[in-house]
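Observations on the three-dimensional arrangement
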Amino acid sequence: MKPPIFITIMLTVISGTMIVMTTSHWLMVWIGFEMNLLAVIPILMKKYNPRATEAATKYFLTQATASMLLMMGIIINLLHSGQWTVSKDLNPMASIMMTIALAMKLGLAPFHFWVPEVTQGISMSSGLILLTWQKIAPLSILYQISPTINPSLLLTMAIMSVMVGGWGGLNQTQLRKIMAYSSIAHMGWMAAIMMYSPTMMILNLTIYIIMTLTTFMLFMHNSTTTTSSLSQTWNKTPLITSFILVLMMSLGGLPPLSGFIPKWMIIQGLTKNEMIMMPTLLAMTALLNLYFYMRLTYTTALTMFPSNNCMKMKWRFECTEKTTFLPPLIVMSTMLLPLAPMLSILD
Amino acid sequence: MLKIIVPTAMLMPMTWLSKPNMIWINSTTYSLLISLISLPYLNQLGDNSLNLSLLFFSDSLSAPLLVLTTWLLPLMLMASQSHLSKETLSRKKLYITMLIILQLLLIMTFTATELIMFYILFEATLIPTLIIITRWGNQTERLNAGLYFLFYTLMGSLPLLVALLYIQNTTGTLNFLVIQYWAKPISATWSNIFLWLACMMAFMVKMPLYGLHLWLPKAHVEAPIAGSMVLAAVLLKLGGYGMMRITILLNPATNQMAYPFMMLSLWGMVMTSSICLRQTDLKSLIAYSSVSHMALVIVAVLIQTPWSYMGATALMIAHGLTSSMLFCLANSNYERVHSRTMILARGLQTILPLMAAWWLLASLANLALPPTINLIGELFVVVASFSWSNMTIVLMGTNIIITALYTLYMLTTTQRGKYTHHIKNINPSFTRENALMALHLLPLLLLSLNPKIVLG
């Protein structure tokens, strides 16, 4: 893509999300979402092949439906409250519609079906933007309406998402689909705590974005898209094998890595609000996630995958994708746990 | 406390910056020095604990375990030198770094003040152990072993996290020193039963309890020697230590809740000892004997009398040293014959007589011969459980007999009898191996002169 066009499109994506996050008029929220959607479509189609076209079409259809549902919620709110200001007191009907619409945008179960297929059809860097940046706008609106969300709806979606994310990822070997199911599961965790402590949701989002950014950048650096090509990393860039090991364990939520912080804080928030079985269920189902991360770790770092002898003679190309900020991101994805006491400033 | 933690952390840069022929010497020497620094912690004053800082403390329960941990690191390094000799330099350094990280996390775990910090470090010890087992193990079953190890422990400990946070909400603090005074008695209602289960299952899996012990033979057998040593000697004791700490919070529900686990432990003791009599794999025999000894510790901790706690602590230290020594002896066999099957390396007394002396002493310690601390531990536990219920003496007595049986079976199979023809040209014992055995045995013998320091 030519640079001026790419810059324009990226600016539109960014400004779309910014509009959604900063505005106080419901119509501008919808406009922001639409700007974001239309501008992200060319980004999804950076590599022009039928798979990418199909992925972009699926993305467009689901997100447009979600935007229309959102508009419906906005109009119902306008009908009952008579004003367009984004505020906490929403009509319950409008709140349910908006929650469902935003869940479709995020990829929460049972509206998660588009996430693996869209993520698989696009290139790695587009997948990066899809799974990290595109989550910010819907979550910011959910943050703002969180006091009025129907608890049973949200908690059902949370539990289903964690389960779908866990069981769905088990049979995958394509890395983009694995990251898609990982995203579904993490969105489930975020939705679980949204009722009680939206700040923890932002914390989870931040740490999730850092870890996913790092993961995608490591995959791009290696230019791998499947588990079997990831298993040749020891040959190409041996340092990345240890990074993938720690990163996968961090994504799985093992202490003492930073992936544990959101899980710990969420379980703490939930137990403070007298919910005991649910965090136990969420934590146990997250172990399924850990299983397929462990499978990636095994093939990459801990065992030598079967390969032919010519692998050692492989011509090692310079990495073509821009992996900026990779070292600080790796540090942040793994070593943030000692800073956890600083979270008290968030209250 | 920092004077132990910072030098252990600094062992890592020292390993990476050492000259290639000095890595083993440097790391072994400095880790021995660190273990010397940790010895003064054994000098505990009366009933109090040494409160060293806001975050770390050590009392008469954690100090012997701390000294055991720091003592084991030089021994692990000495034991690993042979099987790593063919690896490249950076892989050797990586292995040593994994051991050092594990050591650091274990030191912090045993001296943690707050239960959440204990939990985080308890889980954190899984990662270096997993890497050691899966990356440097020898057979293809190590992949399965690592997964079983990781997932069994995590399944047990995630409810522990929820339970700890719940206790923090209701009691206000999880700082160990404070919570002894603030703990409310909990009766055996349904929700309290789940709380009890959530707290204890993590440690039951780690100990391991008889029904949940499936990960242990896999992990011990597939791990390289340093992995087996640290697993048997220290990681199992993490479970015992955690149980001892957390039972303070769980009275008096423990009176009813303990029954199923007591029965599992008592029966499991006898079962795993009996399985040892039919093992062909030497490391597997030692692994099952670990399960059997740890079942005694579980029984002791669940009874909750002062004598049983003293017995449990002594038994943990004694078993740590003995079991680690047995794994080293098994490894010296493995390095020569490259098989773990016992009958392939039999009749070693005629070929390696000094090693046979170490085998004899280790087996005698395993059988709980007086006056070793193994006996003191077992005796205290048996007497305490007899006072809890007269019938337990039957199973405990059976266990002691069967322990003696399989230990002597192991001894006579590997040492006595005629040697086979294929082992006539094995290497004689290295000085390093003899030193290793001596360093394992010496603390054991010295402690039998003054068992007070490990009796907690």
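Quick caveat: nothing in here was measured; it's all calculated off a predicted structure.

**Some points on the side chain of His 213 of chain B**
Along the chain, the position of His 213 of chain B falls in the loop between helix H9 (190–206) and helix H10 (215–222). The residues contacting His 213 of chain B, other than those within four sequence positions of it, are Pro 208, Tyr 288 and Val 291 of chain B.

**A word on the UniProt feature "domain: NADH dehydrogenase subunit 2 C-terminal" (unreviewed entry) in chain A**
The positions UniProt marks with the feature "domain: NADH dehydrogenase subunit 2 C-terminal" (unreviewed entry) are residues 290–343 of chain A. Across residues 290–343 of chain A, helical content stands at 41% and strand content at 0%; the span's end C-alpha atoms are separated by 25 Å.

**With respect to the interface of chain A and chain B**
Accessible area lost upon the coming together of the parts is a frequently used measure of interface size. Counting residues at the interface gives 26 residues for chain A, matched by 26 residues for chain B. Both faces combined, the contact of chain A with chain B buries some 2400 Å², and carbon together with sulfur accounts for 84% of it. Of all residues in chain A, the largest losses of buried area upon contact with chain B belong to Leu 287, Tyr 298 and Leu 302 of chain A, amounting jointly to 24% of the total for that side. One can count zero salt bridges joining chain A with chain B. Those elements that place two or more of their residues in the side of chain A that touches chain B are helix H12 (238–251), helix H13 (260–272) and helix H14 (277–302) of chain A.

**So, the pattern of salt bridges**
Close approach of charged atoms allows side chains of opposite charge to pair. Enumeration according to the criterion identifies four salt bridges over all chains in this entry. With a shortest N-O distance of 3.0 Å, Arg 336 of chain B and Glu 433 of chain B are connected by a salt bridge. Taken together, the positions of Arg 336 of chain B in helix H14 (residues 306–337) and Glu 433 of chain B in helix H18 (residues 431–449) put the pair 97 residues apart, joining distant regions of the chain. A single burial state applies to Arg 336 of chain B and to Glu 433 of chain B, both of which are buried. Taken together, the salt bridges that share partners define one network made up of Glu 54, Lys 58 and Glu 117 of chain A.

**Description of the UniProt feature "transmembrane region" (unreviewed entry) in chain A**
All names here are of chain A. When the UniProt feature table is mapped onto this chain, "transmembrane region" (unreviewed entry) is found at residues 5–21, 57–80, 92–115, 152–170, 191–219, 239–261, 281–305 and 325–346. In residues 92–115, helix accounts for 71% and strand for 0%; the two terminal C-alpha atoms are 28 Å from one another. When the span residues 239–261 is considered, its composition is 65% helix and 0% strand, and the gap between its end C-alpha atoms is 25 Å.

Each value, and the rule that gives it
Residues numbered from 1 in each chain as written. Chains lettered and ligands numbered in written order. Predicted model: local features only at pLDDT ≥ 70, side-chain atom pairs only at ≥ 80, totals over all residues. Heavy atoms only, no water. Helix = DSSP H or I, 4+ residues; strand = E, 2+ residues; numbered from the N terminus. Contact = heavy atoms within 4.5 Å. UniProt positions renumbered as here; feature names shortened; annotations may be inferred. Buried area = accessible area lost by both parts, 1.4 Å probe. Salt bridge = Lys/Arg side-chain N within 4 Å of Asp/Glu carboxyl O. Buried < 20%, exposed > 50% of the residue type's maximum accessible area, 1.4 Å probe, protein only.

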